[in-house]
Amino acid sequence: MAQAIDNTALLEKFGPHGAFSTGLRLAANVEPDRVVNTHCCFCGQQCGIQLKVKDNEVIGFEPWFDFPFSRGMLCPKGVKRYLQGSHPDRLLHAYQRDPSAPEGFRELGYERAVEQVAGAISRIQREHGPDAFAILTGASLTTEKAYLMGKFARVCLGTANIDYNGRLCMVSAAAGNKKAFGIDRAANPWDDILHADMIWISGANVAECAPITTDYVWRARDLGAKIIVVDPRITPIARTCDLFLPVKPGRDIALFNGILHLMIERDWLDHDFIQNQTVGFDKVAECVNPWTPARTAEVTGIPERLIHQAAEWWGTAKSSFLMHARGIEHHSHGVQNVLGAINIVLASGRIGREGGGYATITGQGNGQGGREHGQKCDQLPGARDISNPEHRDYIAKVWGIKPEEMPGPGVDAYEIIRKIDSGEIRGLLSICFNPKISLPDNNFVARALDKLDFYVAIDFFLNETARHADIVLPGSLHEEDEGVVTQIEGRVIKINKAVECPGEARQDWRIIQDIAAALDRPHGFTFTEPKEIFDELRTASRGGVADYSGITYEKIDNQYGVFWPCPSEDHPGTPRLFEPGSWNPVAKGAGPFYFPDGKARFNVADYTPPAEDVDSEFPIMLTTGRVVSQFLSGTQTRRIGPLVEQFPEPRIEMHPQLAERIGVVDGDWVTTESRRGDCTLQALVVTTIRPDTVFIPYHWPGRKSANQLTISAQDPISKIPEYKVCAVRLRKAERVPDAK
Amino acid sequence: MSVPGHMEFFVDPSRCIGCQSCVQACSECDTHKGQSMIHLEYVERSVSTQTTPVICMHCDSPTCAEVCPADAIKRTADGVVQSARKPRCIACNNCVLACPFGVPKMMVEFDLMMKCDMCYDRTSVGKKPMCASVCPSQALFFGTREQIEQSRPNAAPLNRFQFGNQEITTKVNMMVPATHAARVEHIDVAAALESGPTERRVALSVMDPGQQGVR
C-alpha cells in the first residue's frame, strides 16, 4: 500500500537539490534585521552560532564567540547550516499520496490532512487495538517536542509503541552508564579534558563527528597530555596521537579486559577508591584474569607491546579523560563494551574530579535531552522507568490520567519495523527520523514500510522514508521554533527562533496538538508556546534522576546553559557528576553515585564475538560511519550545495593489501556484498585502515546506501544495531553503476 | 582602519583535521562572498590523512606584487597584502605563477586575481578572520603572541621560509615543533616538498594468505 514513490517528477519537485548562496545571501555588507543567538542544528556538541536574519530569511551567520563551549568554532556543517532555510525543496503544504499526480503526491489543505490522519489513527486503533499504531521520533527534536511526543503516545493515542532514532545512537552508552553509575550523562564538562595528562579515545572519529572537541584534545596535548586512540582506521585525530591501537572491529571489550588484567597484575589500581566507592571489583577481576596480553593481542589484532604500553600509560596516569562513541557502542555487545571502558575508569579511581573525566560523545543534536524525557519505549520523563509503579504514579498525576491508563513499555525502533513487517503494527507516524537510510538492512525496512495500512510523516523536506507516506505534514526547521536541547556535556541550552514557518508549515508541537484535537482528545495538548511545555516538563522531571525542575529559559540565557541535575531555582546546576560528598536523590547522601548505597558498580563484561563473524564466504569486515560534511541520513546536508560538493559520493575505504588481492586500484568501482544486499562504490585505497576491514560512510540512499549491507543484529540490553561490524566480500565491479 | 599590530595569525598544520571548515567559512566573507580563497589539500591521502591549510602568508616583500605589471597588488602599512584591485588587474596570471606558496587564484569569470586578504573587512575593525574564528582544531589561530606562547609551549612560530635561493619573511607565522625551531632559522620549503607526509601506517600482517572468498 505505502510503496515508495521514486520518479523523476518527484525528485524534480522535492529534491534533494543542493542549495547555494544567492540573492541577499550572496550580497556583500547586507545589514540584517536582527541577529539571533542560537545553536547549530546538527551534532551533539551544539556549537553556538548567531544567525543573521533579514525579511524572514536566514541570510548568513556570525560566529558566537561568547558561548563558552565552542567560542566561535564551527565545523563546515555549522558554517553552511543557514542554507537549509528558504530552500527550494522545503515542504510548504501538506501532501497526500495520489498515484495520478505526476510526482505521486498532491497538495492537500492542512486541516483536511490532519483530519485524515486522525481518521486513519482512529480506524486502525479501533480495528487492531491501540498498539497497532506506532510512533517513530528523533533526537534532533527539542526536549519540549520529545517530551510531548512521549506524552502524545501514552496519553492521546494510548499506544505502547513509541521509540526514537537515538536507538541507533546513544542507547548503549546510556544503558552502560546506568548500570555502572545509576545515571546516564557525561560525567564531566569538556573543560576537564584540559586537566587530563592521559586522554583515551575509543571508537570515536572525533575530528569528523565532533570536530570542535579536537581543539580540547589538542589544547590538552599542548599542556603535556598523551593521547591514545583505539580505532580500526587512522582517523585525523589518530594521525598524531601518541599511541594508536588498530583494534579489530567488534573486539573493544577484549582490549578493555586486557588493560584491566595488566592494571591488576602490576597493581596500577586505586585501592581506596575501589574499596570505599565501588562494589563488584572481585568478580570483574576474576573475569579479566584469562585476558593475558597474548590472548588480548590475538583477539583484538593489536600487537602485544602496544597493549603493554597502553596499560602502563593508563595505569600510571595521575589524571585522565576517557571518551568513547559509536565505535564501541554500535555493537551487538555495545553495552558490554561501554562497561569494559567504565571498568578501567573505576579501577583507576579517576572519576568525579577535575582530573578524572569520563564521557560518551553523544551524537545527535539533542542526543542527551532527547533520551531523558519519555520518547524512548521504556521511559518516562525525568529519566524515569515506565515499568516502575512509583514512577508511573508520579507521571500519571502530572498528566492527569490514572496510572492504569498508561501503556507499559513498547518495543524498540527496529522491532517496530519488524512488527510492521509481521502485520502487528498497521499504522505509523514518524517525525525527525529517516529509517530507510539510517536503519541497518534497509532493503528489509523498505519492504516493511510498503506493508503499512497508513503512514503519516512530519518533516520539512520529503526524505526518502516519507516517500512511502500516505500523508505528509509540513513541520518546522530548527530555526523556526524555540526550545531547549541538552548537549554533549549535559548542559541544557536554548534554541531560539529566528524566522517564522513558511507556507502552511507548522511548528511540530502544534501539528501534534492539532492531531490530538482532531481525535477529540485535546486534554493535555493545549499548550500555546514551548515555554508552557517546558514548565510541565520541569514538573514531570522533578525528583527524577534527570531533574530539570530548577532550570528556566532565563537562567539558561544568563549562564550560557545549565547543567542538569538542577533540582531548584536557586541551584546553579551540576557541571561535574560524582564529586566526593555530592548529594543525589537516589543515594540521599550515602555516596556520590546514583545507587542507594552511593557506590559505583563494576560490571562483568566478557567478550563475545560479533553477531556475524567473517568466514570463507564473507571474509572481510565492514564498518560504517560518518564524514565531516554530512550528517546522519543527510535529509538536510544532502540539500546544502557546498557540503555536497565537499564529499559528493561515498567511497569504500580499503587497504592496498586488500585492493591488490581483489585487483583494484584507487578509483576503481568495487561491488561489496553481504548476506543482505550489495553496494557498488569507488575504492579509496589508503594505508590508514586495517587490511581486513573496509569502511563506508552511510549518509546516502539507494544504490549508494551502506545500510543495504549492514546487519540488524542488536544488543540484547540497549537494542542498538551492530552498524560497526558485519561480514562482506568484495569484487571488482563488472560495470559502472547508473548515475542515479 | 588597519589590523592591530599585536594581533597575529598562526598556522599549525599538525592540528589540521582537513574538515574544510575554513574553506567553507572563507566564502562567507563580505569582500569575496561566495568565493573561497583558502587551499586545503591532502598531502598524500594514500598514506595519511594529513592536510595542510594554505592561506596567504602576507610576505614582507610580496613576490606577487613584485611581478605584477599593472601594480594591482598593494601591501598596506599593517603588513596585509591586499587582493588585486579590480580596475588595475589585467588577469595576466603572473602572480599566480610567481607566488612561492601558490596562493593567488585566477578567477577567469571575473578576469581578476583574487586571494586571501586576511579578512580585511573583519581584521581591520578588530575582529578575527572568518577561517580562524571557526577552525574546529584551531590549526588556524588569530591572537596575540603571548596567547600562543602560553597555550602552546611545545611549538614555536617561524616566519622565515627558504625556496631555493629565495628567502621570504611573512606576516603570518607557521608553528613548528619547539625543538626544531631552536635549530633552524627558516623553513626549507623545497626540502619539505621532497619529504612527503609523516606516515603512520596500519602495518599489520592480518590477512590470512590462504584466505578464500576474496574475489
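Keep in mind that this is a model prediction, so the values were computed, not measured.

*Asks:* Account for the overall build of chain A, with residues named and values stated.
*Replies:* What chain A contains, in helices and strands, is 24 helices and 28 strands. In summary, chain A has a C-alpha radius of gyration of 25 Å against a globular reference of 27 Å for 740 residues, a match within 12%. Along the longest, intermediate and shortest principal axes, the C-alpha atoms of chain A span 70 × 65 × 60 Å. Considering only contacts in chain A between residues 6 or more positions apart, those separated by 24 or more positions represent 73%.

*Asks:* Account for the overall build of chain B, naming residues and giving values.
*Replies:* A count of helical and extended segments in chain B gives 8 helices and 9 strands. When the backbone C-alpha atoms are referred to their principal axes, chain B occupies close to 70 × 45 × 35 Å. The 215 residues of chain B split such that 42% are buried. A fraction of 60% describes how many contacts in chain B between residues 6 or more apart in sequence connect residues 24 or more apart.

*Asks:* Hey, could you go over the interface of chain A and chain B for me, with residue numbers and the actual values?
*Replies:* Tallying the contact residues gives 55 residues for chain A and 40 residues for chain B. Of all the secondary structure elements, the ones that give two or more residues to the side of chain A that touches chain B are β3 (57–63), α2 (76–80), α7 (213–222), α8 (236–239), α23 (641–646), α24 (656–662) and β28 (726–732) of chain A. Looking at the side of chain A that touches chain B residue by residue, the class counts come to 28 nonpolar, 15 polar and 12 charged.

*Asks:* Which residues make up the domain arrangement of chain A, and what values do they have?
*Replies:* Residue and element names in this part refer to chain A. What the domain assignment reports for chain A is domain 1 (8–84), domain 2 (94–169 + 366–379 + 407–543), domain 3 (180–360) and domain 4 (620–732). Relative placement of domain 2 and domain 4: their C-alpha centres are 29 Å apart. Across the boundary between the two partners, domain 2 contributes 15 residues, which contact 18 residues of domain 4. Counting residues per element, the ones that place at least two in the side of domain 2 that touches domain 4 are α18 (435–438) and α19 (442–450). For the side of domain 2 that touches domain 4, the residue count by class is 6 nonpolar, 5 polar and 4 charged.

*Asks:* Describe the sheet that holds strand β19 (residues 483–486) of chain A, with residues and values.
*Replies:* Residue and element names in this part refer to chain A. Read from one edge of the open sheet, 3 strands run β19-β20-β21, paired in antiparallel fashion. Edge positions in the sheet fall to β19 and β21 (562–563), since each has one partner strand and no second. In terms of strand pairing, strand β20 (residues 491–495) meets β21 through 2 bridges, oriented antiparallel. Bridge pairing links V492 to V562 in β21.

*Asks:* Outline the nonpolar core, listing residues and values.
*Replies:* Counting 267 residues, the largest nonpolar core has I199, I201, I259 and V472 of chain A together with C22 and C131 of chain B as the members making the most contacts within it. Apart from residues no more than four positions distant in its own chain, C22 of chain B is found in contact with I38, L40, P53, C131, V134, C135 and L140 of chain B.

*Asks:* Describe the packing of helix α9 (residues 252–265) of chain A against helix α13 (residues 304–316) of chain A, naming the residues involved and giving the relevant values.
*Replies:* Residues and elements named next belong to chain A. Between α9 and α13, whose axes approach to 9 Å, the crossing angle comes to 60 degrees. Relative to α13, α9 is oriented so that their crossing is right-handed. Here G258, I259, L262 and M263 of α9 come into contact with α13, specifically with I307, H308, A310, A311, W314 and G315. Each residue belonging to the contact of α9 with α13 can be placed in one class, and the counts come to 7 nonpolar, 3 polar and no charged.

*Asks:* Describe the sheet that holds strand β8 (residues 198–202) of chain A, naming the residues involved and giving the relevant values.
*Replies:* Residue and element names in this part refer to chain A. With parallel pairing, 5 strands are arranged side by side in an open sheet as β10-β9-β8-β12-β13. The sheet is open, and its two edges are formed by β10 (243–245) and β13 (356–360), each paired on a single side. Between one strand and the next, the sheet's axes are offset by a mean angle of 10 degrees, whatever the strand orientation. With 4 bridges connecting them, β8 and strand β12 (residues 320–324) associate as parallel partners. Bridge pairing links I199 to F321 in β12.

*Asks:* Explain helix α16 (residues 389–399) of chain A residue by residue, including any values.
*Replies:* Residue and element names in this part refer to chain A. Along α16, the residues classified as buried are H391, R392, Y394, I395 and W399. Projected onto a plane normal to the axis of α16, the buried residues spread over an arc of 165 degrees and lie on a single side. Opposite the buried face of α16, at more than 90 degrees from it, the exposed residues are P389, E390 and D393. In this structure, the buried side of α16 is in contact with α4 (143–157), β14 (379–380), β15 (384–385) and α21 (530–541).

*Asks:* Explain the environment of A383 of chain A residue by residue, including any values.
*Replies:* All names here are of chain A. Inspection of the secondary structure puts A383 in the loop between β14 and β15. Accessibility expressed as a C-beta count within 10 Å gives 25 for A383, which makes it buried. Separated by 128 residues in the primary sequence, A383 and L255 have C-alpha atoms spaced 31 Å apart.

*Asks:* Tell me what's going on with the environment of E722 of chain A, and back it up with residues and numbers.
*Replies:* All names here are of chain A. Here E722 shows up in the loop between β27 (693–697) and β28. Its 23 C-beta neighbours within 10 Å are what place E722 among the buried residues. Taking the C-alpha atoms as reference, E722 lies 33 Å from P592; in sequence the two are 130 residues apart. Residue contacts for E722: discarding those within four places in its chain leaves H330, H331, S332, P610, A611, I711 and A713.

*Asks:* Quick rundown of the confidence of the model for chain B? Include the residues and the values.
*Replies:* Residue and element names in this part refer to chain B. Put simply, chain B has an average pLDDT of 90, and 92% of its residues get 70 or more. Overall, residues 205–215 carries pLDDT values under 50, and its contacts beyond four positions in sequence, including any with other chains, amount to 23 contacts. Under the prediction, the complex receives an ipTM of 0.96, its pTM being 0.97.

*Asks:* An account of the packing of helix α12 (residues 293–300) of chain A against α13 of chain A is needed here, citing residue identities and associated values.
*Replies:* Residues and elements named next belong to chain A. For the pair α12 and α13, the least separation of the axes is 9 Å and the interaxial angle reads 115 degrees. Put simply, α12 runs roughly perpendicular to α13. Taken as a pair, α12 and α13 cross one another with a handedness that is right-handed. Taken together, the residues of α13 that come into contact with α12 (itself represented by P293, A294, T296 and A297) are E304, I307 and H308. Partitioning the contact of α12 with α13 into residue classes produces 4 nonpolar, 2 polar and 1 charged.

*Asks:* Could you give an account of α9 of chain A, with specific residues and numbers?
*Replies:* Residue and element names in this part refer to chain A. Along its 14 residues, α9 runs 20 Å from first to last C-alpha, staying within 8% of the 20 Å computed at 1.5 Å per residue. The buried count for α9 comes to 12 of 14 residues, which makes it a mostly enclosed element. Of all the positions in α9, only D252, I253, A254, L255, F256, N257, G258, I259, L260, H261, L262 and M263 are classed as buried.

*Asks:* Hey, could you go over the pairing of strand β9 (residues 226–230) of chain A for me, with residue numbers and the actual values?
*Replies:* Residue and element names in this part refer to chain A. Buried residues dominate β9, accounting for 4 of its 5 residues. Bridge analysis of β8 against β9 gives 5 bridges, and the strand direction is parallel. Bridge pairing links W200 to I228 in β9. The sheet contact formed by β9 and β10 spans 3 bridges and is parallel. Of the residues in β10, the one forming a bridge with I228 is L243.

*Asks:* Outline unusual backbone geometry, listing residues and values.
*Replies:* Residue and element names in this part refer to chain A. Geometrically, the link from G15 to P16 is a cis peptide bond, its omega value of 15 degrees lying close to zero. Mapping P16 onto the fold places it in the loop between α1 (8–14) and β1 (34–39). Backbone torsion omega between W564 and P565 reads -5 degrees, so that peptide bond is classified as cis. Take P565: it is sitting in the loop between β21 and β22 (600–601). Of note in the backbone geometry, S86 takes a positive phi value of approximately 50 degrees without being a glycine. S86 sits in the buried class, given 20 other C-beta atoms within 10 Å. Unlike most non-glycine residues, L632 shows phi in positive territory, near 45 degrees. Residue class for L632 comes out buried when judged on the 25 C-beta atoms lying within 10 Å of it.

Calculation criteria
- Residues numbered from 1 in each chain as written.
- Chains lettered and ligands numbered in written order.
- Predicted model: local features only at pLDDT ≥ 70, side-chain atom pairs only at ≥ 80, totals over all residues.
- Helix = DSSP H or I, 4+ residues; strand = E, 2+ residues; numbered from the N terminus.
- Rg over C-alpha atoms; globule rule 2.2 N^0.38 Å.
- Contact = placed C-beta atoms within 7 Å.
- Buried ≥ 20, exposed ≤ 12 C-beta atoms within 10 Å, placed from the backbone.
- Nonpolar A, V, L, I, M, F, W, Y, C, P; charged D, E, K, R; others polar.
- Domains from an automatic or database assignment.
- Pairing = 2+ DSSP bridges.
- Core = buried A, V, L, I, M, F, W, Y, C linked by C-beta atoms within 7 Å.
- Axes fitted to C-alpha atoms, helices over the stretch in contact; angles between N-to-C directions.
- Left-handed = near helix turned anticlockwise from the far one by under 90°.
- Arc of directions from axis to C-beta.
- pLDDT = per-residue confidence, 0-100.
- Parallel < 35°, antiparallel > 145°, perpendicular 65-115°, else oblique.
- Expected span 1.5 Å × (residues − 1).

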